[in-house]
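# Chains, contacts and geometry: an overview
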Amino acid sequence: MLKKIIHFFILSCKKTTFLIEKKLHTSLSPLEKLQLQTHLYICKNCTSYKHKADFLNQLLTDEQTKALNENHFTEKEMNDLKEKFKVELRRKTHPI
Amino acid sequence: MNIKPQPELTDTLFEELIESHSHKLLNRAFYLLSNKEDAEDVVQEVFIVAYSRRDTLHNVLSAEAWLQGILHNKVVDMYKERYRKPMVNINFEHYFDQNGEWKQTDITNVWEETPDSLDTLLDNTDFRQSFYDCLDKLPPRWKIAIKLCYLHGQKAGKICHELEITTTAYWKLLQRSRLQLRKCIEINWFDK
């Protein structure tokens, strides 16, 4: 029972981690902000989770930029593919 | 007022689009699908669809965004076709008890605590590889949600619409994926 009352005010760890994720991608409502801060203030585990979530977020952002700028195809492959795309398009759109 | 007539997207102009945009589209497709053949197939389809809808492109300058939009739709279709399992059924039992508290307290295991050492980790190729492997091990539909999330500058609405899920389901999915990623990194890197 006590747990239930406490959870009403300061959320469970499961809900808190949800808010931690949500905060990375959108802004929280004032109540959510308060709930998150209060929970983090008293919970070592979730604070630690938050650090790791922030780090993962940075990794994923970074990975994305790198992956998009990296060349996964050689120049020759790229040129061959361009030709292939054109030929295939002509074949599909102007059937003989 | 002098309004320039829109030049019609002739076949020659369209071939120029292929010439100038294939490069970026292929790399993006590879990022989303992690596979060369799939990336080639999907980009081929993008051009075929784009050609059939070429009258909807109002400005050649916005061709890149237009083609990317078609690519994302195609990629999502590809995932939907392959992995028909519903993606909303996300299970948290492994991590939390009925009260929603952490089951294991190993979460407090420190990784590298100072911000500096984390930066060093970002540049560590072995660590990166280990992280990619973890990302690849996620269920395919979670993976695509994460990748689209970061591609769209993390705008939830658009992604949810593309994946046909609710926003809450989407946050939960990201939460669950990251719990998994954290665990995987912990096992494969920090505990070694």
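So, here is what we can say about the structure in this document. Worth saying up front: this structure is predicted, and the values here are computed from it rather than measured.

Turning next to the interface of chain B and chain A. Counting residues at the interface gives 57 residues for chain B, matched by 50 residues for chain A. Interface area, chain B with chain A, both sides summed: about 5,400 Å², of which 66% is carbon and sulfur. By the criterion of area lost to chain A, the three top residues of chain B are Tyr150(B), Trp171(B) and Arg178(B), representing 13% of everything that side buries. For the interface between chain B and chain A, the tally reads six salt bridges. Between Arg178(B) and Glu21(A) there is a salt bridge; the shortest N-O distance is 2.4 Å.

Positioned with a positive phi, Ser34(B) is a non-glycine residue whose angle comes to about 50°. Exposure remark for Ser34(B): the relative accessible area of 32% places this residue in the partly exposed category.

A word on helix H3 (residues 63-82) of chain B. Because an α-helix packs 3.6 residues into every turn, residues spaced three or four apart end up facing the same way. For H3(B), with 20 residues, the first-to-last C-alpha span of 29 Å sits near the 28 Å given by 1.5 Å per residue. Those residues of H3(B) that fall on the buried side of the exposure criterion are Ala63(B), Trp66(B), Leu67(B), Gln68(B), Ile70(B), Leu71(B), His72(B), Val75(B), Val76(B), Met78(B) and Tyr79(B).

Glancing now at the packing of aromatic side chains. Tallied over the entire structure, the rule returns seven aromatic pairs over all chains. Ring centres 5.1 Å apart and planes at 90° place the aromatic pair Phe14(B) and Tyr51(B) in the edge-to-face group. Within this pair, whereas Phe14(B) is found in helix H1 (residues 11-33), its partner Tyr51(B) is found in helix H2 (residues 36-52), the two being separated by 37 residues in sequence. The pair Phe14(B) / Tyr51(B) is uniform in exposure class, with both members buried. Ring-pair connections join several aromatic residues into one group, and the members of that group are Phe85(A), Phe14(B), Phe47(B) and Tyr51(B). Looking at Arg54(B), its charged tip hangs above the ring of Tyr51(B), at a distance of 4.0 Å from the centre. In this structure, Lys147(B) is placed above the aromatic ring of Tyr31(B), and the distance from its NZ or CZ to the ring centre is 5.0 Å.

Thresholds, definitions, all that
Along each chain, the written sequence defines residue order, and numbers are assigned to residues from 1. Think of it this way: whatever chain is written first is A, whatever ligand is written first is 1, and the rest follow in order. Local features in a predicted model are, by the rule used here, given only for residues with pLDDT of at least 70; side-chain atom pairs are given and counted only at 80 or more, and totals for whole chains, interfaces and linings are based on all residues. Water and hydrogen atoms play no part in the side-chain values, which are based on all heavy atoms of the structure. Working rule for contacts: check all heavy atoms of both residues, and any pair within 4.5 Å makes them a contact. Buried area: the sum, over both parts, of the accessible surface (1.4 Å probe) that disappears when the two are put together. Each reported salt bridge corresponds to a side-chain nitrogen of Lys or Arg within 4 Å of a carboxyl oxygen of Asp or Glu. With a 1.4 Å probe rolled over the protein chains alone, any residue whose accessible area is under 20% of its type maximum counts as buried; one over 50% counts as exposed, and the rest are partly exposed. By definition, any uninterrupted DSSP run of H or I lasting at least four residues is a helix, any uninterrupted run of E lasting at least two residues is a strand, and each is numbered from the N terminus. To estimate the expected span of a helix, count its residues, drop one, and scale the result by 1.5 Å. Ring pairs shown here join Phe, Tyr and Trp side chains whose ring centres sit within 6.5 Å, with only the six-membered ring taken for Trp; geometry is labelled stacked below 30 degrees between planes, edge-to-face above 60, and tilted in between. Either the NZ atom of lysine or the CZ atom of arginine qualifies as a charge over a ring when it sits within 6 Å of the ring centre and within 35 degrees of the ring normal.

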